[in-house]
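Report on the structure
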Amino acid sequence: MDGYLTVREIAEKWNMSIRNVQNLCSAGKIEGVTKFGQAWVIPETAEKPLDGRVTSGSYRNWRKKPKEQQVSGD
């Protein structure tokens, strides 16, 4: 098909694993992707989606709340 690339070709182009590209396709994160039978086809003009993982570390220890000061009863 003209104008479309396979998952393997996109994986090489974007420097990622084939399985990761398949996961992006099934999650709908790549625009214009279609499935023919069991194979995904991706438009040549499709852009690599942004990595949504948290890398700042701000999620660490999010369950721990700062200690509240004890109020003494009078």
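To be clear, the structure that these remarks concern was listed above.
Residues numbered from 1 in each chain as written. Predicted model: local features only at pLDDT ≥ 70, side-chain atom pairs only at ≥ 80, totals over all residues. Heavy atoms only, no water.

**Topic: helix H2 (residues 18-27)**
For H2, the full list of buried residues reads Val-21, Leu-24 and Cys-25. Down the axis of H2, the buried side of the element spans an arc of 100 degrees, and every buried residue falls inside it. Exposed side of H2, more than 90 degrees from the buried face: Arg-19 and Ser-26 are the residues found there. Against helix H1 (7-14) and strand E3 (39-43) lie the buried residues of H2. In the stretch just after H2, Gly-28 is the one whose phi turns positive, near 75 degrees. (Buried < 20%, exposed > 50% of the residue type's maximum accessible area, 1.4 Å probe, protein only. Helix = DSSP H or I, 4+ residues; strand = E, 2+ residues; numbered from the N terminus. Arc of directions from axis to C-beta. Contact = heavy atoms within 4.5 Å.)

**Focus on unusual backbone geometry**
With a phi close to 55 degrees, Asn-15 is a non-glycine residue in the positive phi region. Considering the arrangement of structural elements, one finds Asn-15 in the loop between H1 and H2.

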